[in-house]
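# Per-entry structural report
Chain residues, written in single-letter form:
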Amino acid sequence: MNWVITENNKRVNTFNIPTISIEEIKNDFGNFNMRLIGFFGKQEFDNVRLFIVLADDKVGKLYITSTLFEKDVKQYESFTSIYPQFHIFEREFYEEFGIEPLNHPWLKPLRKNQNVYPFFEMRGDEVHQVAVGPIHAGVIEPGHFRFMCHGEKVYDLEIMLGYQHRGVEKCFLNQQRFNNRLAESICGDSVISYNMAYSQLMETLTETKISKKAELIRRIALEMERIAIHIGDMGAIAGDIAYQMGASIFGVTRTLVINTMLEISGSRFGRGLIDVGGVNFDIDRKLSEKIINVLNEVATTVDRTTNVMLKSPTVISRLERTGAVSTETAKALGAVGMAARASGVDLDSRFDMNDSFYTSLDVVKPFKAYGDVHSRFKLRYKEIKQSMKIIKAFLKKLIDETGEIKVNAKYELQPNSFVISIVEGWRGEVVHTAITGANSELLRYKIKDPSFNNWYMLAMAVRNNGISDFPLCNKSFNLSYCGNDL
């Protein structure tokens with residue numbers, strides 16, 4: 001067997017992971033009809049081992065294999081020319097280990113690129129370039145956007161990030177104890193999803209079993225995070241089309257949600273809520289009733305504001321057919337999360353990865369979308385409604401749970417282990433992978449933010465649109481700079 005088959009949050013013995021050739025991996029990928037979620041290397045003396053992880057979302061299975069590059073092998077035939085979803089994974093692997101994917105169509109620096117970067121250029125008397133960033137107006141992270149335009153029309157957008165590459169993954173390798181505070185600081189608007197992925201991974205490695213009560217509280221917080229950010233993004237989209245009533249109302253309404261998170265954990269963003277072993281704060285009956293009351297109030301406001309907004313001809317004219325990305329393009333690029341679903345790709349790891357807390361619910365997935373700003377706006381609205389229903393169901397289950405909210409987890413990692421933890425954050429799947437050695441030490445800690453997959457979606461969305469539509473397209477994705485620049 002060329003691949004070991006596992007599931008989310010299941011431990012695999014590293015000695016059971018096969019070592020096969022690049023050609024075999026390429027052939028298998030073409031036959032499997034799966035998608036890529038992991039493609040990263042690990043130094044082994046003078047050699048480099050490349051791990052490949054695929055997801056079979058239809059049955060919630062993960063496939064893992066590896067290939068070994070001996071020290072004198074510095075190249076292989078690229079996957080990207082046949083399978084575009086590999087493009088950014090191969091760029092990252094090349095930048096880290098210097099092993100070149102031959103015939104890669106866009107082999108450029110990914111993070112180590114500030115001194116010299118070979119921007120794509122178009123030639124012609126009426127073609128001009130527009131450079132935006134890396135320093136932006138307002139509170140926004142650094143990133144450079146280079147537009148190739150003919151008049152107001154964008155023919156190409158190239159996005160250069162890497163300005164805040166912080167070496168987060170290496171920080172985990174130095175840990176001698178659990179590091180939840182680092183995990184929840186990786187991406188500031190996804191505190192719960194990142195901390196949850198890290199905690200689940202560590203719990204698998206330490207064989208720590210947490211209570212159903214703690215599991216429910218984590219998922220309630222995860223859905224609260226989704227609701228809060230989606231409402232904020234709807235307000236940002238409204239602001240970018242000068243629909244100030246929507247911007248103001250959504251902004252105030254988001255505050256109600258994050259203030260409720262404050263009452264749960266002492267932090268509006270959920271910092272300190274999750275630790276390895278469970279959660280630090282309970283939700284009693286009184287708080288549960290308050291959460292439901294707030295959600296009902298929020299639902300009424302969001303319903304009314306959304307319905308009024310989407311009945312405005314001027315709003316619809318700005319949202320429909322702006323920044324459209326087709327289903328075919330989204331699949332080819334390996335898009336994930338909300339951006340993928342808004343283009344008609346049915347991916348959601350809450351349901352696809354066999355999480356029994358979610359799959360046991362009677363939840364209807366959101367509508368079929370068409371890949372434009374209107375779809376991304378409306379999908380957020382639908383997911384807010386969905387998350388509210390999920391939270392109420394979890395709160396109802398929470399009443400009957402009597403287990404401890406936190407158990408003592410000792411920092412004793414299982415040796416020779418490979419574990420993947422996937423959590424569906426509000427942007428999409430957050431993937432944490434850990435590999436331990438014979439002495440239980442962490443040898444590799446790999447993180448994939450959903451934005452890693454989706455930045456090129458934004459570049460495709462802007463093509464053939466007016467350059468003045470870029471801020472609107474950008475807000476409709478709301479991708480993470482720091483999640484890319486790990």
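These figures come from a predicted structure and were not determined experimentally.

As a general point, the strands of a sheet are linked pairwise by backbone hydrogen bonds and lie either parallel or antiparallel. Taking strand neighbours across the sheet as the criterion, the four strands line up as 2-13-14-15 in an open arrangement whose pairing is antiparallel. The open sheet terminates on both sides in strands that have one partner only, identified here as strand 2 (11-13) and strand 15 (442-448). Neighbour-to-neighbour, the strand axes of this sheet turn through a mean angle of 15°, independent of strand direction. Judged from the six bridges that link them, strand 14 (residues 429-436) and strand 15 form a sheet pairing that is antiparallel. Residue pairing for strand 15: Val431 is matched across the bridge by Lys448.

On the secondary structure map, Arg181 appears in helix 4 (residues 180-183). Classification of Arg181 as partly exposed rests on a relative accessible area of 37%. Spatially, the C-alpha atoms of Arg181 and Gly272 are 7.4 Å apart, while their sequence positions differ by 91 residues. In contact with Arg181, other than residues within four places in its own chain, are Asn195, Gly272, Ile274 and Asp275. Polar contacts involving the side chain of Arg181 include one to the main-chain carbonyl oxygen of Ile274, which spans 3.1 Å.

Take the packing of helix 7 (residues 244-265) against helix 8 (residues 285-309) next. Packing of helix 7 against helix 8 brings their axes to within 10 Å, and their N-to-C directions diverge by 165°. Between helix 7 and helix 8, the crossing angle belongs to the class labelled roughly antiparallel. When the axes of helix 7 and helix 8 are compared, the crossing they make is left-handed. Between helix 7 and helix 8, the residues in contact are Met245, Gly246, Ile249, Phe250, Thr253, Leu256, Val257, Thr260, Glu263 and Ile264 and Leu287, Lys290, Ile291, Val294, Glu297, Val298, Thr301, Val302, Thr305, Thr306, Val308 and Met309, respectively. Among the residues forming the contact of helix 7 with helix 8, the class breakdown is 13 nonpolar, six polar and three charged.

Rules of the game
- Residues numbered from 1 in each chain as written.
- Predicted model: local features only at pLDDT ≥ 70, side-chain atom pairs only at ≥ 80, totals over all residues.
- Heavy atoms only, no water.
- Pairing = 2+ DSSP bridges.
- Helix = DSSP H or I, 4+ residues; strand = E, 2+ residues; numbered from the N terminus.
- Axes fitted to C-alpha atoms, helices over the stretch in contact; angles between N-to-C directions.
- Buried < 20%, exposed > 50% of the residue type's maximum accessible area, 1.4 Å probe, protein only.
- Contact = heavy atoms within 4.5 Å.
- Polar contact = N/O pair within 3.5 Å; in protein donor to acceptor, adjacent residues only side chain to side chain.
- Parallel < 35°, antiparallel > 145°, perpendicular 65-115°, else oblique.
- Left-handed = near helix turned anticlockwise from the far one by under 90°.
- Nonpolar A, V, L, I, M, F, W, Y, C, P; charged D, E, K, R; others polar.

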